[in-house]
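Close look at the chain arrangement
Next come the chains, spelled out residue by residue.
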Amino acid sequence: MPPTVIQDRISAKKEVRRIKNLPTVPGIVAKISRIVENPETSVAEVGRLISQDQVLSAKVLRMANSAFFGMSRKINTIPQALIILGFEVVKGLVLTSSVFDMIQKSMAGLWEHSIGCAAASGVIAAHLGRDDAEEVLVAGLLHDLGKVVLALNLPEEMRLVKEKVENEHLYFYEAENQVLDFDHAEIGQWLAEHWNLPESLAEPMRLHHKPEKAVLKPEWCAIVHIADIITRAKGFGNAGDMMVPPLSMAAWEILGLKKTDFLPIMEKLEPKLNSLKDLTALN
Amino acid sequence: MVKRIAVDLAKPGQVLAEQIARQDGVLLASQGSEVSDALIRMLQRQNIDSIAIEEDEGRTFEEIQAAYQADVTRMNEAFIRVEADPILHALKKTLIFMSMQERDKALAYLELSESPSPEAKDSDSEEAKEEEPFAKEVTLNSQKRGKGK
């Protein structure tokens, strides 16, 4: 390998490390994290804090009332959302809403891929009878956040990655590894650390292509891994390449899935995907 | 495609594109559920006058067929590097059957491929047939996702 390429890789890596001007944590998310460190904080206080930002609250409520959760009653306020969906889920939606513009701008189709993968994660989790389906959904929503950083902070590398995907029929992560020596999963991990996201969300960001390595929440990683496959199989959105990635047998087995599960999962997912098209513009 | 229609024009078998709730928020039917005679009567009693349905019936046979062909072409490309994986192959077949609106065939295929018996091989020999353009019966059948009854 010519030294310049290696040099480039090293500098790229440095660059990402340096991206401590990584996109900053959305202010509201930082604030929420701060106030909940205080055990005295009440749901009402968190609710008030989020509600102060009306634009953000409206986005959060739109997601809370979308086909994602299939609520039987309309959720009208942030405090209601906190009670019904739980704190972690609302926090995830706040985070997603505040980076929504960033995701939209970074890569055409990535937002759609993210909501598709989120919906699929929720459907798979519910199909498995899990009571944390909403939280897994949030993990699905955020799994590709590393790509946003790549697009926004390393535009030149991004261009090379896209070129490789196009010309060599590579998966996006393969092209990333060739160009950068790391991929969006790793960037996602850095971002998660930088933003102080819980490990339960960081792990699927880091390991959705290698779910067999998961330690904390192997099932979540496995679900997001399979949700990613399903979303791509449906051709919903565009995550950088349009191909279905290889299935991790470990993920398949840990969930105890059978091929016959595909039909009920897809039947539940399809109407959700159709109505989630509304969420493609959150404003 | 979502279409809003008067409740009086609703037909059993249509699929709700939005949930239906009363003014006070009480849910009457959830999104994705199938319209039945009983549901239509109930909505009329509740003075709900319109509902949103998934509009499939607006498509002509040619449109459905073209969409199916496009789906198959797209999926062949999407699955190109994982064709050898039997589980992902089953996913692809499921999606192809669903695109043909052939739920029962999808189910039969999956059950067969799940069973460890050597019969499972046979199901693959049908492949050529399945991936051909529609058989005629499919036209008439084009409305249906899983029958509710």
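Above this text sits the structure in question.
What comes next is a walk through the structure. (Residues numbered from 1 in each chain as written. Chains lettered and ligands numbered in written order. Predicted model: local features only at pLDDT ≥ 70, side-chain atom pairs only at ≥ 80, totals over all residues. Heavy atoms only, no water.)

1. Section: the overall build of chain B
- Within chain B, the regular secondary structure consists of 7 helices and 4 strands.
- From first element to last, N terminus to C terminus, chain B shows the α and β order β-β-β-α-β-α-α-α-α-α-α.
- Classification of the 149 residues of chain B by burial places 38% in the buried group.
- Within chain B, contacts between residues at least 6 apart in sequence are counted, and of these 59% link residues at least 24 apart. (Helix = DSSP H or I, 4+ residues; strand = E, 2+ residues; numbered from the N terminus. Buried < 20%, exposed > 50% of the residue type's maximum accessible area, 1.4 Å probe, protein only. Contact = heavy atoms within 4.5 Å.)

2. Examining the overall build of chain A
- For chain A, the count of helices and strands is 16 helices and 0 strands.
- For chain A, buried positions account for 57% of its 283 residues.
- Per element, the accessible surface of chain A, about 11700 Å² overall, is 51% carbon and sulfur. (Areas by Shrake-Rupley, 256 points an atom, 1.4 Å probe, with all protein chains shown as cover.)

3. A word on the pairing of strand β4 (residues 50-54) of chain B
All names here are of chain B.
- Buried residues dominate β4, accounting for 4 of its 5 residues.
- Sheet topology note: the strand β1 (residues 2-6)/β4 ladder contains 5 bridges and is antiparallel. Bridge pairing links Val2 to Glu54 in β4. (Pairing = 2+ DSSP bridges.)

4. Some details on the interface of chain B and chain A
- Contacts between the two partners involve 31 residues from chain B, matched on the other side by 33 residues from chain A.
- Among the residues of chain B in contact with chain A, Arg81, Ile87 and Met98 of chain B are the three that bury the most area, contributing 23% of the side total.
- Residues Arg81 of chain B and Glu174 of chain A are paired through a salt bridge, measuring 2.7 Å at the closest nitrogen-oxygen approach.
- Remark: the boundary between chain B and chain A carries 9 residue pairs in polar contact (both at pLDDT 80 or more).
- Contributions of two or more residues to the side of chain B that touches chain A are made by α2 (61-78), α3 (86-99) and α4 (103-114) of chain B.
- With 8 residues, the top contributor of residues to the side of chain B that touches chain A is α3 of chain B.
- Across the side of chain B that touches chain A, the residue classes break down as 17 nonpolar, 6 polar and 8 charged. (Buried area = accessible area lost by both parts, 1.4 Å probe. Salt bridge = Lys/Arg side-chain N within 4 Å of Asp/Glu carboxyl O. Polar contact = N/O pair within 3.5 Å; in protein donor to acceptor, adjacent residues only side chain to side chain. Nonpolar A, V, L, I, M, F, W, Y, C, P; charged D, E, K, R; others polar.)

5. Comments concerning a nonpolar patch on the surface
Residues and elements named next belong to chain A.
- Judged by side-chain polarity, Val43, Ile83 and Ile84 come together as a nonpolar surface patch covering roughly 300 Å² of accessible area.
- Locating Ile83 in the fold gives a position in helix α5 (residues 78-85).
- When its relative accessible area of 66% is taken as the criterion, Ile83 is described as exposed. (Patch = residues over 30% accessible without salt bridge, like charges linked within 9 Å, V, L, I, M, F, W, Y side chains within 5 Å.)

6. Some points on the nonpolar core
- With 116 residues, the main nonpolar core has Phe68, Leu85, Leu93, Val94 and Leu145 of chain A together with Phe79 and Leu91 of chain B as its most contacted residues.
- It is helix α7 (residues 110-127) of chain A that contributes the most residues to this core, 10 residues altogether. (Core = buried A, V, L, I, M, F, W, Y, C linked by side-chain atoms within 4.5 Å.)

7. Some words on unusual backbone geometry
All names here are of chain B.
- Phi is positive for Asn47, which is not a glycine, with a value near 60°.
- Its identity as a non-glycine residue notwithstanding, Gln101 has a phi of 60°, on the positive side.
- Gln101 gets classed as buried once you look at its relative accessible area, which sits at 13%.

8. Focus: helix α8 (residues 133-142) of chain A
Residues and elements named next belong to chain A.
- For α8, a buried count of 8 out of 10 residues is recorded, marking the element as mostly surrounded by other parts of the structure.
- Where α8 is concerned, the buried positions are Ala133, Val136, Leu137, Val138, Ala139, Gly140, Leu141 and Leu142.
- Structurally, α8 contributes buried residues whose contacts are with α4 (54-64), α6 (87-106), α7, α9 (145-153), α13 (199-207) and α14 (218-234).

9. Re helix α1 (residues 37-45) of chain B
Residues and elements named next belong to chain B.
- Along α1, the residues classified as buried are Leu39, Ile40 and Leu43. Mapping the buried residues of α1 onto a view down its axis gives an arc of 100°, with all of them on the same face.
- Along its buried surface, α1 packs onto β2 (20-21), β3 (27-29) and β4.
- Following α1 by one or two positions, Asn47 adopts a phi angle in the positive range, close to 60°. (Arc of directions from axis to C-beta.)

10. Remarks on the pattern of salt bridges
- Throughout the structure, instances matching the rule amount to 14 salt bridges over all chains.
- Among the charged side chains, a network of salt bridges with common partners joins Glu156, Arg159 and Glu163 of chain A.

11. Considering the environment of Asn196 of chain A
All names here are of chain A.
- Inspection of the secondary structure assignment puts Asn196 in the loop between α12 (184-194) and α13.
- Note on Asn196: relative accessible area 64%, which makes it exposed.
- Sequence separation of Asn196 and Ser33 is 163 residues, and the distance between their C-alpha atoms is 8.6 Å.

12. Digging into the side chain of His209 of chain A
- With respect to the helices and strands, the residue His209 of chain A is situated in the loop between α13 and α14.
- Separated by 3.3 Å, the side chains of His209 of chain A and His184 of chain A make a polar contact.

13. Some words on the packing of aromatic side chains
- For the structure shown, the criterion picks out 6 aromatic pairs over all chains.
- Centre to centre, the rings of Phe68 of chain A and Phe69 of chain A are 5.9 Å apart; their planes meet at 70°, and the pair counts as edge-to-face.
- A ring pair is formed by Phe97 of chain B and Tyr109 of chain B, whose centres lie 6.2 Å apart and whose planes are at 45°; its orientation type is tilted. One end of the pair, Phe97 of chain B, is in helix α3; the other, Tyr109 of chain B, is in helix α4, and 12 residues separate them in sequence. For the pair shown, Phe97 of chain B and Tyr109 of chain B are each scored as buried. (Phe/Tyr/Trp six-rings, centres within 6.5 Å; stacked < 30°, edge-to-face > 60°.)

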